[in-house]
Amino acid sequence: GWKSRDRQYGSTRNTHCMDLLRRYTTQYSSETNTLALEVATTLLELDGYRSNLPVWLTDLLCGAGRGAGGNPPALVKLYMSRGLHVAASDVMRAALDGSGKGGGAISSRLPERGDINFFPYTLIDRLHAILGHAMNDSAVGAEERAVVKEARARLEQSLAAHLARTNHSEVGLKSARALLR
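The rules behind these values
Residues numbered from 1 in each chain as written. Predicted model: local features only at pLDDT ≥ 70, side-chain atom pairs only at ≥ 80, totals over all residues. Heavy atoms only, no water. Phe/Tyr/Trp six-rings, centres within 6.5 Å; stacked < 30°, edge-to-face > 60°. Helix = DSSP H or I, 4+ residues; strand = E, 2+ residues; numbered from the N terminus. Buried < 20%, exposed > 50% of the residue type's maximum accessible area, 1.4 Å probe, protein only. Salt bridge = Lys/Arg side-chain N within 4 Å of Asp/Glu carboxyl O. Contact = heavy atoms within 4.5 Å. pLDDT = per-residue confidence, 0-100. Core = buried A, V, L, I, M, F, W, Y, C linked by side-chain atoms within 4.5 Å. Expected span 1.5 Å × (residues − 1). Arc of directions from axis to C-beta.

**Observations concerning the packing of aromatic side chains**
Under the defined criterion, the tally for this structure stands at one aromatic pair. With a centroid separation of 6.1 Å and an interplanar angle of 20 degrees, the aromatic rings of Tyr24 and Tyr28 are classed as stacked. You can see Tyr24 and its partner Tyr28 sitting in helix H1 (residues 5-28), four residues apart, about one turn around the helix. Looking at Tyr24, the relative accessible area reads 47%, which means it is partly exposed.

Written as structure tokens, this is what we have:
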């Protein structure tokens, strides 16, 4: 459709600004700084937590597409502190399913080299409890309760599958042999 010249310029300018932000953030963020997390915090605050983070930023924070880096627990904590519990559940689920840091099949990764998807048990328990409370809270609308219920069920499935894969993986056997030596 037709757009005014000012609106076209603004849209183009916004696209260029976001591209510049992506370039700087991916270039200068590392495991030794919190740049990506600060950018995520700022972007969430800009619109009152109504929009999702850009995919490139979520991937960066989860360590996807990089040999190292990422901090999925920090992103989960950020989402939880802002009341975005379903998004936090999605990040935790993706990391536990193996699409986050380390990538690859869980059976081919070595914990001794840092190839592990780790979430503190307290964080998992807290998110699970919050989702459970929201599921049963009468102040939460029926539609939102259904979304929360589905997110909690998917998280439980991912946790169960993750534990099963960990128990049966060759990595577990290699790690056990290495610890016995």
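What follows picks up the thread again.
**Side note on the pattern of salt bridges**
Considering all chains together, one arrives at seven salt bridges under this definition. Between Asp90 and Arg154 there is a salt bridge, with the nearest N and O atoms lying 3.2 Å from each other. You can see Asp90 sitting in helix H5 (residues 85-96) and its partner Arg154 sitting in helix H7 (residues 142-168), a full 64 residues away along the chain. Within the structure, one salt-bridge network assembled from shared partners comprises Asp90, Arg93, Glu150 and Arg154.

**Some details on the side chain of Ser89**
Here Ser89 shows up in helix H5. With a relative accessible area of 0%, Ser89 lands in the buried category. Leaving out residues up to four positions away in the same chain, Ser89 has contacts with Leu127, Leu131, Ala151 and Leu155.

**Description of the environment of Ile124**
Mapped onto the secondary structure, Ile124 falls in helix H6 (residues 121-136). Once the C-alpha coordinates of Ile124 and Leu155 are considered, the two residues, 31 residues apart in sequence, prove to be 9.5 Å apart.

**Let's talk about the environment of Leu53**
Among the secondary structure elements, Leu53 is positioned in the loop between helix H2 (35-46) and helix H3 (55-62). In the structure, Leu53 is positioned 12 residues away from Thr41 in sequence and 9.3 Å away in space, judged by C-alpha atoms. Sequence-distant contacts of Leu53, that is, excluding residues within four places in its chain, are made with Ala40, Leu43, Leu44, Thr58, Leu75 and Tyr79.

**What about the confidence of the model for the chain?**
On average, residues of the chain carry a pLDDT of 81, and 73% of them reach 70 or more. Throughout residues 100-110 the model reports pLDDT below 50, and contacts reaching past four residues in sequence, or to other chains, amount to 33 contacts.

**Digging into the nonpolar core**
The biggest cluster of nonpolar side chains holds 31 residues, and the ones touching the most others in it are Leu53, Leu57, Leu75, Val76, Met92 and Phe119. At the level of secondary structure, the elements contributing two or more residues to this core comprise H2, H3, helix H4 (72-81), H5, H6 and H7. A per-element tally of this core places H6 first, with six residues. Setting aside residues up to four positions removed in sequence, Leu75 forms contacts with Leu37, Leu53, Thr58, Leu61, Cys62 and Val91.

**Structural notes on H5**
If you check H5, its first and last C-alpha atoms are 16 Å apart, about what 12 residues at 1.5 Å a residue would give, namely 16 Å. Listed as buried for H5 are Ala88, Ser89, Val91, Met92, Ala95 and Leu96. Viewed along the axis of H5, the buried residues span an arc of 160 degrees, placing them on a single side of the element.

**Let's talk about H2**
For H2, with 12 residues, the first-to-last C-alpha span of 16 Å sits near the 16 Å given by 1.5 Å per residue. Within the sequence span of H2, burial applies to Ala36, Val39, Ala40, Thr41, Leu43 and Leu44. At the C-terminal side of H2, Gly48 shows a positive phi close to 65 degrees.

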